[in-house]
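Survey of secondary and tertiary structure
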Amino acid sequence: MSHVWSDEQQTPVGPEPTGGGAGQTPTGGTAAGEVGSGNTGTCPALTEGSELIGEFEGSGYKEPPSLVRRGDGQVIQLTPLLYSVAERADGNHTVDQIAKEVGQEIGRSVSAENVRTLVDKKLYPLGLVTSCDGSEPDVDKPDPLLGLKFRLGVIPERASHRLGGVFKPLFFPPIILGALGVLVGSDYWLFFHHGIAQATRQALYEPAVFLLMFAALILSAAFHEIGHASGCRYGGAEPGRMGCGLYLAWPAFFTDVTDAYRLSRRGRLRTDLGGVYFNVIVICITMAVYLTTRWEPLLLLVVVEHVEIVHQLLPVIRLDGYYIVADLTGVPDLFARIKPILASALPWKKADDRVRVLRPWVRVAVTAWVLIVIPALALQLGIVLIQLPRILGTAWDSLGKQLHTVTHAASPLTATTAAVEIVALALPILGILLMLVRVAQRSAVWVWTHTEGKPVRRTLALVLFAGVCGLLLYVWIPKGNYSPIRHNERGTIQQGVLALNPKNVSNLKPLTPPPDLSSHLDDTPKTTTPKTTQLPPAVQTTSTTARYRSYTTTTLSSTYRTPTTVSRYTTQTTYSSYSSPSQ
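Each value, and the rule that gives it
Position numbers for residues count from 1 along each chain, tracking the sequence in the order it is written. Note on the predicted model: pLDDT of at least 70 is required for a residue's local features to be given, and 80 or more for side-chain atom pairs to be given and counted; whole-chain, interface and lining totals, by contrast, use all residues. Excluding hydrogens and water, the side-chain figures rest on all heavy atoms present in the structure. For patch detection, residues must exceed 30% relative accessible area and be free of salt bridges, and they are connected within 9 Å for like charges or within 5 Å for nonpolar side chains (Val, Leu, Ile, Met, Phe, Trp, Tyr). Note that accessible areas follow from Shrake-Rupley with a 1.4 Å probe, and for residues the cover is restricted to the protein chains shown. Within this document, salt bridges are pairs made up of a side-chain nitrogen of Lys or Arg and a carboxyl oxygen of Asp or Glu, the two lying within 4 Å of each other. Note on conventions: DSSP H or I runs of at least 4 residues are helices, E runs of at least 2 residues are strands, and numbering of each starts at the N terminus. For the exposure calls, accessible area comes from a 1.4 Å probe over protein chains only, and a residue counts as buried if that area is under 20% of its type's maximum, exposed if over 50%, partly exposed in between. Given the number of residues in a helix, its expected span is that number minus one, multiplied by 1.5 Å. By construction, the arc corresponds to the directions joining the helix axis to the C-beta atoms. Note on contacts: a residue pair qualifies if any of its non-hydrogen atoms lie within 4.5 Å across the two residues. Pairing between strands requires that DSSP locate at least two bridges from one strand to the other. Between N-to-C directions, angles span 0 to 180 degrees; the directions come from axes that are lines fitted to C-alpha atoms, helices contributing only their stretch in contact. Only buried Ala, Val, Leu, Ile, Met, Phe, Trp, Tyr and Cys residues count toward a nonpolar core, and they belong to the same one when joined by side-chain atoms within 4.5 Å. Oblique is the label for any angle not under 35 degrees, not over 145, and not in the 65 to 115 range, which are roughly parallel, roughly antiparallel and roughly perpendicular in turn. Crossing handedness is read from the near helix: turned anticlockwise from the far helix by less than a right angle, it gives a left-handed crossing, and turned clockwise, a right-handed one.

Taken together, the side chains of Tyr188, Phe191 and Phe192 define a hydrophobic patch exposed on the protein surface, amounting to about 380 Å² of accessible area. Its location among the elements puts Tyr188 in helix α5 (residues 173–194). For Tyr188, a relative accessible area of 49% gives the class partly exposed.

Have a look at this one:
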């Protein structure tokens, strides 16, 4: 779930070229008196749908840029000089008139040829204005790094506008303070007094709870997006369409809040935090319903909402946390700064213009962000690549069991639950495969383009590529590598390294076996006396007393080393409709 800013599509323009005094043009061309200024009669104009937004408020640049929104929704940063030219490109001003007015505004000599160069070489390629000869630009949208793919608009702008208006009052400060107070109080009661054990128990034992929880999560995700639209409207901007798409390997909802660029930093932060704030509203509503009904599974939804809030606030990928960092620093295109910041860190490299234009404290903050994001993304990609066979093996095993549940279900409700789990299982697996294909394709194109005419670098790149392919083939090809993730694997880094050799999996240290909780199905307190039997030396008899009811179980100390077991959590959940992809 994520709101969409147009920095996913943004094309920054470098700093304004500097000139000396009179007689030097801002583009480094000839002086004003050296170029003919005959009026050609051409009048450049903004392309259809393009809108001038103005200076970027709360900017982290030494000289704040100005923003223009193109007809396709892309927001572009312009230097003050280019913005002045774009302001006068209304189809009525000739290049001579534009040159005269811009020169008076900046206090420097500007010729018609200067304006023609800025229009044809700068603004026209960006798709903002027609050329001086009247031709329309044809610009492709860029493919942003880690952007939301395959977006499909579901709710149009008009409906998004109305939804934002309906819930806009929730941003009144007294309501915000009240919601935060309820959140703190309910969290203290839930996690330190009541607990979530019974909520988890009922959710696992009742198939209907799973379906209701799944539906509640979908509605909560949609309400999260309404929060972004409402925050955008509360600040005075207009939210765009809402819809769904594929982000990395997961389905996601989105809300287009590009128009919030016209707001102050405070207004943009309100828009960023609107989704998380509406997750807090969901928690408050859920607690109110629970206090009315005392239905324990509702508390599990509260826990899931907390997990979603933490997930959204992570600033590593383009979720809410990323946009919060972008607006706090005043740099809306953080991912576009990764390469210049890394290159500028090399002692023999001159600092890139995209780094030098930032204010000192902003440069430090963005550099720290880059140093955190790059290792995190590399680690996540490495884990997915190395563990892909185990992930696929586990998914295949779980899929087979879910299909068995569907075909042998005792009730339509159980079959429906298993079918929903199959869909939930298939989507992230397909997303992971699609993500890896796109990463490989994009990396190959980038390497081939940037090693053009450089045989040594291309050779080194090919050698590195061959080494990576060899390692992946070693991990992916052996059939034994596709064994499902077993119950005795914790998923630590050490076990991940050992799991590269399937023979090591069987030697992993087993987890502590859980007790037999089958008597929890009977709410009638009772005491069972264990039978006296002859047990082999490897088998021990254990008596356990539950806090809420008395019961006695017999467990096998060899539970995790033999195919036979009396533990409900190893037999029943294996063939239950609740088996998850991680089993």
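Next comes the rest of the description.
This part takes up the pattern of salt bridges. Applying the stated criterion across every chain, the model contains 11 salt bridges. Between Arg268 and Asp327 there is a salt bridge, with the nearest N and O atoms lying 2.8 Å from each other. A residue pair is termed long-range when its members are at least 10 positions apart, and Arg268 in helix α8 (residues 265–293) and Asp327 in helix α10 (residues 320–329) qualify at 59 residues. The exposure classification of Arg268 matches that of Asp327, with both residues buried. Among the salt bridges present, the one from Arg458 reaches Glu452, with a minimum N-O distance of 3.5 Å. Looking at Arg458, the relative accessible area reads 17%, which means it is buried.

An α-helix turns once per 3.6 residues; consequently, residues spaced three or four apart project the same way. In a regular helix each residue adds 1.5 Å, so 22 residues correspond to 32 Å; α5 covers 30 Å between its end C-alpha atoms and thus fits that length. For α5, the full list of buried residues reads Ala179, Leu183, Ser186, Asp187 and Leu190. Projection of α5 onto a plane perpendicular to its axis shows the buried side chains occupying an angular sector of 110 degrees, all on one side. Opposite the packed face of α5, turned more than 90 degrees from it, sit the exposed residues Pro174, Leu177, Val184, Phe192 and His193. Turning to α5, the residues buried within the fold contact α8 and α9 (297–312). Two residues or fewer past α5, Gly195 is found with a positive phi of approximately 85 degrees.

With respect to topology, 3 strands assemble into an open sheet ordered β1-β2-β3, the strand pairing being antiparallel. Strand pairing shows two members of the sheet lacking a second neighbour, β1 (51–55) and β3 (75–78), which therefore form its edges. With direction set aside, neighbouring strand axes in the sheet form an average angle of 25 degrees. Bridge count between β1 and strand β2 (residues 66–69): 4 bridges; the pairing is antiparallel. Bridged to Gly54 within β2 is Leu67. Set on the sheet, helix α1 (residues 80–88) makes contact with β1, β2 and β3; between it and β1 the angle comes to about 145 degrees.

Moving on, we come to the nonpolar core. Across soluble globular proteins, nonpolar side chains have a tendency to be buried as a group. With 27 residues, the main nonpolar core has Ala179, Phe223, Tyr277, Phe278, Val280, Ile283 and Leu299 as its most contacted residues. In terms of residue count, the dominant contributor to this core is α8 (10 residues).

On to the packing of α1 against helix α2 (residues 95–106), then. Direction vectors running N to C along α1 and α2 enclose 140 degrees, while the axes themselves pass 10 Å from each other. It follows from the interaxial angle that α1 and α2 lie oblique. Between α1 and α2 lies a crossing of right-handed hand. Contacts from Leu81, Ser84, Val85 and Arg88 in α1 reach Ile98, Glu101, Val102, Glu105 and Ile106 in α2.

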